[in-house]
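Geometric and topological summary
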Amino acid sequence: MAPTVALVRKSLMRGRGPQRVRAIVSVTFGAQQAGAYEALKGFLDAAGGEGVDVQSVIFEPIMNIAVANAGYGTVGSVIEPRLSLLSSWTGFTTNLLGTHGILDFFKIEANNYAAGGGPYKRIYVRLYGMKAGPLFEEASTDAALTGGSFQVELEYTPCSGAEA
Amino acid sequence: MPDVTLIRKTYKRGRGPQRIRALVWVHIEGAQAWGYDNGTGFYSTVAGEGVDLQTLFPEAVLNVKGDVVEPKVRATTDFDLNGRTLLGTYCMLDFDNMAIANYNVGGGTPYKRLYVRAYGIVAGPGWGEAPDADPLTHGQFTVELEFTSMSGAEG
């Protein structure tokens, strides 16, 4: 089972151009909603898989252009606190030292239509902290993630123009 | 001229009148005199003077709020900041401030200087800032600025 994703809030965001939508999505891992973590990718739906799919809560086609290229890209942000207590994650051997790590939104990949394995909207959130050395590094890959949660804020442009 | 690109600038309703949000893409290129100054952050021409966005925002503004668009955690190799005193693979970008001179007073030139700094783990161990680096030849980041236009224009 994939981690649970829940839509906390989705509303039209006026003032950021036409049809700009903001959504706050919570992602929860549990014993029956296990996931995984893979260095360089982040939190995944399953070991060896891809980022957490939020298609079930953001099902409308959206613009998926990198923010560096245009003003229509999807902007993501981890809702604070982004300093995450390492002990709040169950079954996740991060190999990070100390008590906390830093959550950071990395990217979203969207495939709006059935062609090419879609539709999906995969978010990639990564966890960083201190490792022996000391070094500023990413959490280690772990295939068994059975507890923990975070929330992200996504801002995007729907292709349909609907307010969602 | 610094290499700065305005990605989007829009009227931001709901936070009071004339509140504007702008996304600015800062891209470092070897042809410019980019560097990093410990204490103030990335600069485009002169150490300590940040990245001047005056060409993008010629209007008089006040009350600027800034935020680095995620991912904030970046590989030090993205900015030539590796091989110095930051330890490990990553650093973390943080908006520090924006210094503004709206008018040409006393023979000076108006400016809007953006200061973004990079932090990471240093020997100790401790949490510290990147050291001076000159030149920087590559790298990029995006910041979101929110400000009030003194003219009332929507931008």
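Residues numbered from 1 in each chain as written. Chains lettered and ligands numbered in written order. Predicted model: local features only at pLDDT ≥ 70, side-chain atom pairs only at ≥ 80, totals over all residues. Heavy atoms only, no water.

**What to know about the overall build of chain B**
When its secondary structure is counted, chain B shows zero helices and eleven strands. Along chain B, from the amino end to the carboxyl end, the secondary structure elements read β-β-β-β-β-β-β-β-β-β-β. Relative to its full complement of 155 residues, chain B shows a buried share of 55%. Summed over all atoms, the accessible surface of chain B reaches about 6500 Å², with 50% contributed by carbon and sulfur. (Helix = DSSP H or I, 4+ residues; strand = E, 2+ residues; numbered from the N terminus. Buried < 20%, exposed > 50% of the residue type's maximum accessible area, 1.4 Å probe, protein only. Areas by Shrake-Rupley, 256 points an atom, 1.4 Å probe, with all protein chains shown as cover.)

**Describing the pattern of salt bridges**
On inspection of all chains with the given rule, the structure shows twelve salt bridges over all chains. Here A:Glu138 and A:Arg126 are joined by a salt bridge, their closest N and O atoms 2.8 Å apart. Of this pair, A:Glu138 sits in strand S10 (residues 135–138) while A:Arg126 sits in strand S9 (residues 120–131), and the two are twelve residues apart along the sequence. For the pair formed by A:Glu138 and A:Arg126, the shared burial category is buried. The partner of B:Arg113 in a salt bridge is B:Glu49, and the shortest N-O contact between them spans 3.7 Å. Here the residue B:Arg113 occupies a position in strand S9 (residues 111–122), and B:Glu49 occupies one in the loop between strand S4 (41–43) and strand S5 (51–52), the gap between them amounting to 64 residues. Judged by its relative accessible area of 19%, B:Arg113 falls in the buried class. Assessed through its relative accessible area of 30%, B:Glu49 is described here as partly exposed. Taken together, the salt bridges that share partners define one network made up of A:Arg82, A:Asp104 and B:Glu70. (Salt bridge = Lys/Arg side-chain N within 4 Å of Asp/Glu carboxyl O.)

**Describing the sheet that holds strand S11 (residues 142–145) of chain A**
Residue and element names in this part refer to chain A. Here three strands make up an open sheet; going across it, the order is S4-S3-S11 and the pairing antiparallel. Among the strands making up the open sheet, the edge pair consists of strand S4 (42–44) and S11. For this sheet, the mean inter-axis angle between neighbouring strands, taken without regard to orientation, is 30°. Relative to S11, strand S3 (residues 35–38) is paired through two bridges, and the arrangement is antiparallel. Note on S11: the bridge partner recorded for Tyr-37 is Asp-142. (Pairing = 2+ DSSP bridges. Axes fitted to C-alpha atoms, helices over the stretch in contact; angles between N-to-C directions.)

**Quick look at the pairing of S9(B)**
Residues and elements named next belong to chain B. Within S9, eleven of the twelve residues are buried, leaving the element largely enclosed by the surrounding structure. Pairing of S5 with S9, which is carried by two bridges, proceeds in the antiparallel orientation. Pairing of Asp-52 across the sheet is with Arg-113, part of S9. In terms of strand pairing, strand S8 (residues 87–101) meets S9 through ten bridges, oriented antiparallel.

**Remarks on the nonpolar core**
Of all hydrophobic cores here, the largest spans 32 residues; its most connected members are B:Phe42, B:Leu53, B:Leu81, B:Leu114 and B:Leu145. For this core, the elements supplying multiple residues, two or more each, are strand S2 (19–29), strand S6 (61–68), S8, S9 and strand S11 (138–149) of chain B. When residues of this core are assigned to their parent elements, the largest contribution, five residues, is made by S2(B). Core analysis: the second largest hydrophobic core is formed by 30 residues, A:Val21, A:Val27, A:Val54 and A:Leu154 among them. (Core = buried A, V, L, I, M, F, W, Y, C linked by side-chain atoms within 4.5 Å.)

**Focus: unusual backbone geometry**
A cis amide bond links A:Glu80 to the next residue, A:Pro81, at an omega of 10°. Take A:Pro81: it is sitting in the loop between strand S6 (75–78) and strand S7 (83–85). Geometrically, the link from B:Asp134 to B:Pro135 is a cis peptide bond, its omega value of 5° lying close to zero. Phi at A:Leu40 is positive, roughly 80°, even though this residue is not glycine. Within the secondary structure, A:Leu40 is located in the loop between S3 and S4. A positive phi is found at B:Asn63, a non-glycine position, where the angle reads about 55°.

**Quick notes on a nonpolar patch on the surface**
All names here are of chain B. A cluster of nonpolar side chains, Leu-62, Tyr-103, Val-105 and Met-150, forms an exposed patch at the surface whose accessible area comes to about 400 Å². Note that Val-105 resides in the loop between S8 and S9. The class for Val-105 is exposed, based on a relative accessible area of 63%. (Patch = residues over 30% accessible without salt bridge, like charges linked within 9 Å, V, L, I, M, F, W, Y side chains within 5 Å.)

**Re the confidence of the model for chain B**
Residues of chain B with pLDDT of at least 70 account for 84%, and the chain-wide mean is 84. Under the prediction, the complex receives an ipTM of 0.79, its pTM being 0.84. (pLDDT = per-residue confidence, 0-100.)

**Considerations on the environment of B:Val69**
Within the element layout of this structure, B:Val69 appears in the loop between S6 and strand S7 (73–75). Placed 72 residues apart in sequence, B:Val69 and B:Phe141 show a C-alpha to C-alpha distance of 7.6 Å. Apart from the residues lying within four places of it in its own chain, the contact partners of B:Val69 are A:Val75, B:Leu23, B:Thr142, B:Val143 and B:Glu144. (Contact = heavy atoms within 4.5 Å.)

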